[in-house]
Amino acid sequence: MRLTAIAGGTGAAKLLRGLAAAVPRSSLTVIGNTGDDAEIWGLHVSPDLDTVMYALAGRLDAARGWGLAGETFRCLEAMGDLGAETWFNLGDRDLATHLYRTRALREGRPLSAVTAELCRRLSVAARILPMSDEPVRTRVRTPDGWLSFQEYFVREKAQVQVLDVEYAGAPAARPAPGVLEAIRAAELVVVCPSNPVTSVGPVLAVPGIAEALAAARARVVAVSPIVGGAAVSGPAGELMRARGLTVSAVGVAAAYAPWLATLVMDRSDAPHAAELARRGVKAVLADILMTDRDREIALARVVLDSRGPVD
Ligand code: GDP
C-alpha cells in the first residue's frame with residue numbers, strides 16, 4: 001500500500017516508526033514540516049525533518065524525542081565559552097547533519113535533494129520530502145512582538161502568551177518536487193499526531209497542498225494530538241486557542257476540514273464522536289498514547305485498518 005504521511009517532529013516520529021514497522025518502508029512517503037527551520041550559528045537546521053529522519057534511521061534519542069541517541073554537547077559548551085547563544089541544543093554528531101545540509105544548500109542544491117541524500121546516507125528507506133524547497137517560516141506574535149518559532153518554543157520554552165501565528169513566505173512557496181504526486185498517488189494519507197498549528201499548519205499553508213488533499217482519491221486519516229482538552233505534550237493547546245480552534249478532537253477535525261475523512265482519537269473522547277459525524281468525519285477510538293514501541297505499532301495498525309473501503 002502506498003502511504004503518504006504529513007509530519008511534524010516528536011509526535012509524528014513515534015507514529016512513523018510504528019508505520020515503518022507495519023508496512024514496507026519503501027512504500028512510505030513523509031511530507032515534513034520546514035516551517036520551524038532555523039539558522040543557528042550560520043547553519044541551516046531542519047528540526048522536524050531531522051527528527052523524522054533520525055527516527056526512521058533508528059537513531060533518535062528516545063527519551064528526549066529529538067536529536068541523536070548517545071549524543072554529547074561539547075561543541076555547545078565550547079560555543080558558550082565563546083559567548084555564542086546556546087539556547088538551541090545542537091549535539092556534536094547532530095552538527096554533522098547541519099554542516100552537510102548547509103554546505104549542500106550553499107552549493108545551490110535544493111533542500112529536497114539534500115534531504116534525500118541525507119536519508120540515503122543514513123539508510124532510511126522511506127522517502128522524506130520537505131513540504132517546500134522555498135523558505136516558509138512560522139512566526140509567533142507575543143505581547144512583546146514577533147518571535148521565530150524556535151525563539152518561542154526553545155528559547156522561551158513556550159511560556160509566553162501567543163496572540164497570533166503566521167507562516168512567512170508561504171504564499172510564494174511551491175510544494176517540493178514529489179509532494180503533490182505523493183498525495184495523488186497515495187492509497188492512504190495519514191496526518192500524524194503533530195501540532196495542528198505549527199507542524200501541520202505550515203504544510204497546509206503551501207499553496208496546492210490542501211487542494212491536493214481535498215482532491216485525493218485516498219482517504220485522509222489523522223491521529224489526534226489532543227486528548228480531552230489538552231495536548232499530549234507541548235504548546236498545541238495554546239496555539240490552537242490563538243488560532244480560534246477549540247482544544248479538543250473537534251478542534252483538530254476543524255483544523256483539517258474539509259478534507260479529513262477519519263480522526264483516530266482517544267477512547268476517552270468518545271463523546272465527541274457524534275459532533276465529528278455531524279461534520280462528516282468518522283471517529284475511530286483507540287489508545288493513542290504511544291508510550292513504547294508496541295503502542296506505536298498498535299496505533300499504526302489502527303490507522304492502517306481505519307482506511308476502510310475507498311469510496
Ligand atoms: P514537534 O514539531 O516536535 O512539536 O512535533 P509534532 O508537532 O510532531 O508533535 C507534537 C505533538 O504531538 C503535540 O501536539 C503532542 O500533543 C502530540 N503527541 C506527542 N506524543 C503523542 C502521543 O504519544 N500520542 C498522540 N496522540 N499525540 C502525541
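Structure first, text after, so check above.
Residues numbered from 1 in each chain as written. Predicted model: local features only at pLDDT ≥ 70, side-chain atom pairs only at ≥ 80, totals over all residues. Heavy atoms only, no water.

Participant: Looking at this model, I keep getting lost on the packing of aromatic side chains. Mind explaining?
Facilitator: How two aromatic rings sit relative to each other is given by the distance of their centres and the angle of their planes. On inspection of all chains with the given rule, the structure shows five aromatic pairs. Between the aromatic rings of Trp66 and Phe73, the centroid separation amounts to 6.5 Å while the plane-to-plane angle is 70 degrees, which identifies the pairing as edge-to-face. The exposure class assigned to Phe73 is partly exposed, which follows from its relative accessible area of 22%. Judged by centre distance (5.6 Å) and plane angle (20 degrees), the rings of Tyr256 and Trp259 are stacked. (Phe/Tyr/Trp six-rings, centres within 6.5 Å; stacked < 30°, edge-to-face > 60°. Buried < 20%, exposed > 50% of the residue type's maximum accessible area, 1.4 Å probe, protein only.)

Participant: How should I be thinking about the site of the ligand in this particular structure?
Facilitator: Neighbouring residues of the ligand: 20 residues in total, closest Ser194, Asn195, Ser199, Pro225 and Ile288. In the model, an oxygen atom of the ligand is placed 3.0 Å from a nitrogen or oxygen of the Gly11 main chain. Within the side chain of Ser199, an N or O atom sits 2.6 Å from an oxygen atom of the ligand. Across the complex, the protein chains shield 94% of the 590 Å² of accessible surface that the ligand would expose by itself. (Near = heavy atom within 4 Å. Polar contact = N/O pair within 3.5 Å; in protein donor to acceptor, adjacent residues only side chain to side chain. Areas by Shrake-Rupley, 256 points an atom, 1.4 Å probe, with all protein chains shown as cover.)

Participant: Which parts of the structure should I look at to understand the sheet that holds strand 6 (residues 137–142)?
Facilitator: Through backbone hydrogen bonds, the strands of a sheet pair up, either in parallel or in antiparallel fashion. Strand order in this open sheet of three strands is 7-6-8, and the pairing throughout is antiparallel. For this open sheet the edge positions go to strand 7 (145–148) and strand 8 (164–168), each flanked by a neighbour on one side alone. The mean inter-strand angle of the sheet, taken between neighbouring strand axes irrespective of direction, is 30 degrees. Most of the contacts of helix 8 (residues 196–205) go to strand 8, to which it runs at about 45 degrees, and overall it touches strand 6 and strand 8. (Pairing = 2+ DSSP bridges. Helix = DSSP H or I, 4+ residues; strand = E, 2+ residues; numbered from the N terminus. Axes fitted to C-alpha atoms, helices over the stretch in contact; angles between N-to-C directions. Contact = heavy atoms within 4.5 Å.)

Participant: Would you mind going over the pairing of strand 7 with me for this structure?
Facilitator: For a regular strand, the rule is simple: side chains alternate between the two faces of the sheet. Pairing of strand 6 with strand 7, which is carried by four bridges, proceeds in the antiparallel orientation. For Arg139, the partnering residue across the bridge sits in strand 7 and is Ser148. Hairpin connection from strand 6 to strand 7: two residues lie between these consecutive antiparallel strands.

Participant: Would you mind showing me how to read the side chain of Asp37 here?
Facilitator: Tracing the chain through its elements places Asp37 in the loop between strand 2 (28–32) and strand 3 (38–40). One buried charged residue, Asp37, remains without a salt bridge, the closest side chain of opposite sign being Arg137 at 4.5 Å. Among the polar contacts listed, one links the side chain of Asp37 to the side chain of His44, at a separation of 2.9 Å. Sequence-distant contacts of Asp37, defined by excluding residues within four places in its chain, comprise His44, Val45, Ser46, Pro47, Leu111 and Arg137. (Lys, Arg positive; Asp, Glu negative; His and termini not counted. Salt bridge = Lys/Arg side-chain N within 4 Å of Asp/Glu carboxyl O.)

Participant: For this particular structure, what's the right way to read unusual backbone geometry?
Facilitator: Leaving glycine out, the prevailing phi sign among residues is negative, and the prevailing peptide bond configuration is trans. Here the bond from Ala257 into Pro258 is cis, since omega is 5 degrees, no more than 30 degrees from zero. Its place among the elements puts Pro258 in the loop between helix 11 (249–255) and strand 13 (262–266). Of note, the phi angle at Ala158 is positive, near 55 degrees, even though the residue is not glycine. Mapped onto the fold, Ala158 is located in the loop between helix 6 (149–155) and strand 8. For Ala158, a relative accessible area of 19% corresponds to the buried category.

Participant: What's the story with the pattern of salt bridges in this structure? I'm lost.
Facilitator: Close approach of charged atoms allows side chains of opposite charge to pair. For the structure on display, the rule yields 15 salt bridges. The salt bridge partner of Glu156 is Arg155, with a shortest N-O separation of 2.9 Å. Classification of Glu156 by relative accessible area gives partly exposed; the value is 27%. Residue class for Arg155 comes out partly exposed when judged on its relative accessible area of 31%. For Arg293, the salt bridge goes to Glu296, with nearest N and O atoms at 3.7 Å.

By themselves, these figures tell us nothing about what the structure is for.
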